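In case you want the letters, here they are:
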Amino acid sequence: MTISSVSTQYLGTVMLPAVTQAQSQLTTLEVESSTGQYADLGLQLGSQSGYELSLKNEYDQMQTLTTDNAIATTNLSTAQAALDSIRSGAQSALTSLTAMTAVSDDASTLQTLGSTSLQALIGSTNTASGQQYVFGGINSSAAPLTSYFSTPPSSAQTAVDQAFQTTFGFPPSSPLASSITTTALQSFLDGPFAAQFSGANWSSNWSSASSTNTTAEIAPGETITTSSNANQPGFQQLAQAYTMLNEFGGSALSQSAQQVLVTTAASLVTQGVSSMTTTEAEVGASLGQVTQANAAMSSQMTILQTQVGNLDDVDANSVATQLNTLTTQIETAYQITAKLQELSLAQYLPT
Amino acid sequence: MTLSSAYNIINSAFAVTGAQSATIARNITNASTPGYSREIANVVDNPYGGADVASITREANSALLDQVNSSTSESASQSAIAAGLATLAQTVSDSASSTSPSGATQNGASPSAMLANLQSALSTYEADPSNESVGEAVVSAAGDLTASLNSGAAAVQQVRSQADANMAASVATINSLLNQFTQVNATVVNGLHSGADISSAQDSEDSILTQLSQQVGISTTTNANGSVSIYTDSGVTLFQDIPQTLSFTPSPTLTAGVSGNPVTVDGIPITGASAPMAVQSGALAGLAQLRDTIAPEYQAQLDQISGGLVNAFAETDQTGGTAPALPGLFTFPGATGVPSTTQVTGLSSQIEVNPNVDPSQGGDVDLLQNGGISDPGSATYTYNTTGAAGYTGRIQQMVSAIGATQSFDPSAGLGASDSLSDYANNSVGWLQGQNQQATDAASYQSSVVTQATSALSNATGVNLDTEMTNMLNIENSYTTSAKLLTTVNDMFSALMNAA
């Protein structure tokens, strides 16, 4: 046989592999044009699949974090609103106290101011967001401050009255209170009474909050505190000032002793307002971090999406062109096959 | 020269045209028979001035046939590997979504994607630790992850068992082909001695060799007496006057760490790492590579991921004591401690979510947050000592454990140290890389086979037009001979009449 020889069997089937291949390519292209992605990503990407998957996982993680950050944002905003109301309450109490310094005979007004303010403080501190108490620290399932006004009297109230009784030998309601000197009252208020609002007394009688704040990951590798807690000095100072007014505002104190009471309370409220401002600033900072993290993640997610798209997505134009080319190719193959079938010497021989 | 010798010469012409016509008829009949080699009637002139058909030869081309056979072997081995890898790759494949190009592809059910889901679920739990339903979502994500590892391991086992069964089938085919070859070879040798027409026997020989090279790579030599000897591409004799028998004991189940039996010829293994003369190509070689190398390597990677998971989520002594670390969220039946990287063989088919934390098995989801999954109620493994509802320390540890660097057994082929998530990603990359290579190689080899087969068919096959042209020639020759015969006859008649 010569070099240019062609067997009839080959001639009959020459277009077959081309048609089969083009048809299988056609199905692939149809999938690609409808989904916009490679028909078989694993086969297309090969060993890059791991990289592509890591990009997608990173993207998913950021999406989850962005969604979860809504919880942190809600908690922090709730805390911020509560702190706001506590601070403004304290400021108006301070205004009343300053006005009352001049007035001497309004003992019951002092007590009312103390009780309403204390109730408002406890109420705001026990604010919950969903099931979580926002000032509970990690002990978020229990109300941070125990109710002061209750029957029988709360342990906090009992302890305060007990301290008064121990120091002076009679209860606050006793008429004997008029005999208390300014020095004696001052040292009681700064000593045994103040001790009720710190350390073990505070945590056993007043607060069930944990001093450890909750934390959450708001962006990959970035963890912030997402709550405050009722053991902050601001809460203690305000509770101390309001309790002082509530318990002893109605006592039969001498005018000068009452003056000491009002001055001490006013000074504590001032300190409390300043502490609250600090706490509020911390919460605000956390909120700002969440917003920033969300913005940063959003732009990172766009980049990740683009990178994944670069790997996964087919060029729609090129797919359309390839589809056209393939269709033409298959049609040509059919025509050639038909022509080849006609090419036989037998057809041209006289019968 | 006499008129009567002209008779004889014309007679030989008829004999020759007859033989040639028969050859052409055979060629035309077999024009579409794959592997049929065109036959040629060799005509020589004889001493009396006439012509004889001296022999019928086949248009054989052993170089091209060898090429077809060797490319067939390569293609068969790559196809076997590609088919196995495609099955494995399905367990990790992404599925394209219709929402592209947003990039929101479904990540499939690979261990890597499931691990990322678990990480996301843990992140959500960290943000909302007092919400029990979020904790249950973590447990269910962990369940998906173990299911993905279990099904990956099952796929590996299935691929290996299937390869083992296919090897048994391949060995049976080879043995049967060698027996057929014995008969055909004997026909050829005898035919060469007796001078009989052996073309069709030789066609059969070629066809058997091509079928044989599907199963195993071969090389052949033809001996002086016309007998063909067959060797594997590694040089082991398969046929030399008598056929060798391939033996193989199939293994019905091939669990992790259990290697299948080798194929042996005369007691010598021809597959497997220990084989001194292992076959290089053919379906048998591809299947053996799949069963003994590729699938076990992927199994080892799955086992390493499983071991890494048990280790990453293990609970340690929180009291400052020296109690051993115990499996936490992820465990395996009969666990008494955490396994080292070299003790994890087969772990991927056993790994499970600890029943102590799985509410569907009577467990307590809160243990996820508080610790003590390994030993509920024991203070040793309790992380949240105060029982605070907002405690996230343990959850944070678990989230960071997924991204923390830990050690792996380098023999699994993915390095000795990596984070769990990267290791899982790399495993997917490894598998898809192998899949891509094997598929590319298989498709390339298959086109080489097509080309080699075309070349062989063109060189040795039948062209109907050629045969037709020859037929016309023979027809003319016959017509002329007949005319000659008439003329000679007329001359004789004239002579007779003259007398």
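Cut-offs applied
Residues numbered from 1 in each chain as written. Chains lettered and ligands numbered in written order. Predicted model: local features only at pLDDT ≥ 70, side-chain atom pairs only at ≥ 80, totals over all residues. Helix = DSSP H or I, 4+ residues; strand = E, 2+ residues; numbered from the N terminus. Rg over C-alpha atoms; globule rule 2.2 N^0.38 Å. Buried ≥ 20, exposed ≤ 12 C-beta atoms within 10 Å, placed from the backbone. Contact = placed C-beta atoms within 7 Å. Nonpolar A, V, L, I, M, F, W, Y, C, P; charged D, E, K, R; others polar. Domains from an automatic or database assignment. Pairing = 2+ DSSP bridges. Core = buried A, V, L, I, M, F, W, Y, C linked by C-beta atoms within 7 Å. Axes fitted to C-alpha atoms, helices over the stretch in contact; angles between N-to-C directions. Parallel < 35°, antiparallel > 145°, perpendicular 65-115°, else oblique. Left-handed = near helix turned anticlockwise from the far one by under 90°. pLDDT = per-residue confidence, 0-100.

So, about the overall build of chain A. When you go through chain A residue by residue, the secondary structure sums to eleven helices and four strands. Each of the three principal axes of chain A carries a C-alpha extent, and together these read 145 × 35 × 30 Å.

Summing up its helical and strand segments, chain B has ten helices and 13 strands in all. Whereas a compact globule of 499 residues would reach a radius of gyration of roughly 23 Å, chain B reaches 37 Å, over 25% beyond that. Projected onto the principal axes, the alpha-carbon positions of chain B cover approximately 145 × 55 × 35 Å. Taken over 499 residues, chain B has a buried fraction of 47%.

Moving on: unusual backbone geometry. Residues Thr 151 of chain A and Pro 152 of chain A are joined by a peptide bond in cis, for which omega reads -5 degrees. Assignment of secondary structure puts Pro 152 of chain A in the loop between β2 (132-133) and α6 (155-168). With a phi angle near 65 degrees, Asp 241 of chain B is a residue other than glycine that sits in the positive phi range. For Asp 241 of chain B, the location among the structural elements is in the loop between β5 (237-240) and β6 (242-243). In this structure Asp 241 of chain B comes out as partly exposed when scored by C-beta crowding, with 13 C-beta atoms within 10 Å. Even without being a glycine, Asp 266 of chain B presents a positive backbone phi close to 60 degrees. Mapping Asp 266 of chain B onto the fold places it in the loop between β8 (264-265) and β9 (268-269).

Before going further, it helps to spend a moment on the interface of chain B and chain A. Tallying the contact residues gives 57 residues for chain B and 53 residues for chain A. Residue assignment for the side of chain B that touches chain A shows that the elements contributing at least two residues are α3 (111-127), α9 (420-460) and α10 (464-498) of chain B. Here the element with the most residues in the side of chain B that touches chain A is α9 of chain B; it accounts for 17 residues. Here the side of chain B that touches chain A is built from residues that sort into 18 nonpolar, 33 polar and six charged.

So, about the domain arrangement of chain B. All names here are of chain B. Looking at chain B, the domain boundaries give domain 1 (3-58 + 468-498) and domain 2 (68-448). Just the C-alpha atoms count here: the centres of domain 1 and domain 2 sit 67 Å apart. Listed per partner, the contact involves six residues of domain 1 and seven residues of domain 2. In terms of residue class, the side of domain 1 that touches domain 2 is built from two nonpolar, two polar and two charged.

Attention shifts here to the pairing of strand β1 (residues 39-45) of chain B. Residues and elements named next belong to chain B. Inspection of the sheet shows β1 paired to strand β2 (residues 51-58) by seven bridges, in the antiparallel sense. If you follow Val 43 over to β2, its bridge partner there is Val 53. Adjacent in sequence and paired antiparallel, β1 and β2 are bridged by five residues, among which Gly 49 carries a positive phi angle near 95 degrees.

Next up on the list: the nonpolar core. Counting 102 residues, the largest nonpolar core has Leu 88, Ala 142, Leu 284 and Phe 313 of chain B as the members making the most contacts within it. Considering each element in turn, this core owes the most residues, 20 residues, to helix α4 (residues 132-194) of chain B. With sequence-adjacent residues up to four places away left out, Ala 142 of chain B is seen in contact with Leu 118, Leu 329, Phe 330 and Val 353 of chain B. Grouped together as the second largest cluster of nonpolar side chains are 67 residues, Ala 82, Leu 118, Phe 135 and Leu 261 of chain A included.

What follows is about the sheet that holds β5 of chain B. Residue and element names in this part refer to chain B. Across the sheet, which stays open at both edges, the four strands sit in the order β3-β4-β5-β6 with antiparallel pairing between neighbours. The open sheet terminates on both sides in strands that have one partner only, identified here as β3 (218-222) and β6. Bridge analysis of β5 against β6 gives two bridges, and the strand direction is antiparallel. Within β6, the residue paired with Phe 239 across the bridge is Pro 243.

Domains assigned within chain A are domain 1 (8-52 + 305-348) and domain 2 (64-290). Here the C-alpha centroids of domain 1 of chain A and domain 2 of chain A sit 77 Å apart.

This next bit is on the sheet that holds strand β7 (residues 246-247) of chain B. All names here are of chain B. The three strands are arranged β7-β8-β9 in an open sheet whose pairing can be described as antiparallel. Strands with a single pairing partner mark the edges of an open sheet, and in this sheet they are β7 and β9. As defined by bridge partners, β8 adjoins β9 across two bridges and the pair is classed as antiparallel. By the bridge assignment, Val 265 is partnered in β9 with Ile 268.

The subject of this paragraph is the packing of helix α4 (residues 49-100) of chain A against helix α10 (residues 255-312) of chain A. Residues and elements named next belong to chain A. The N-to-C vectors of α4 and α10 enclose an angle of 160 degrees; their axes lie 7 Å apart at closest approach. Taken as axis vectors, α4 and α10 run roughly antiparallel relative to one another. For the pair α4 and α10, the crossing hand works out as left-handed. The class makeup of the residues in the contact of α4 with α10 is 29 nonpolar, 18 polar and seven charged.

Residues and elements named next belong to chain B. Considering the arrangement of structural elements, one finds Gly 393 in helix α8 (residues 393-403). Taking the number of C-beta atoms within 10 Å as the measure of exposure, Gly 393 has 17 and is therefore partly exposed. Remark: the alpha-carbon pair of Gly 393 and Gly 371, spanning 22 residues in sequence, is separated by 9.8 Å.

Residue and element names in this part refer to chain B. Per-residue pLDDT for chain B averages 90, and the proportion of residues at 70 or more is 97%. Averaged over each element, pLDDT in chain B is lowest for β2 (85) and highest for strand β4 (residues 228-232) (95). Counting interchain partners and residues more than four positions distant, the pLDDT-below-50 stretch residues 96-105 has 25 contacts. This complex was scored by the predictor with a pTM of 0.85 and an ipTM of 0.82.

Tracing the backbone through its elements, the reader meets Glu 59 of chain B in the loop between β2 and α2 (62-90). Look at Glu 59 of chain B and you get partly exposed, because 18 C-beta atoms sit within 10 Å.

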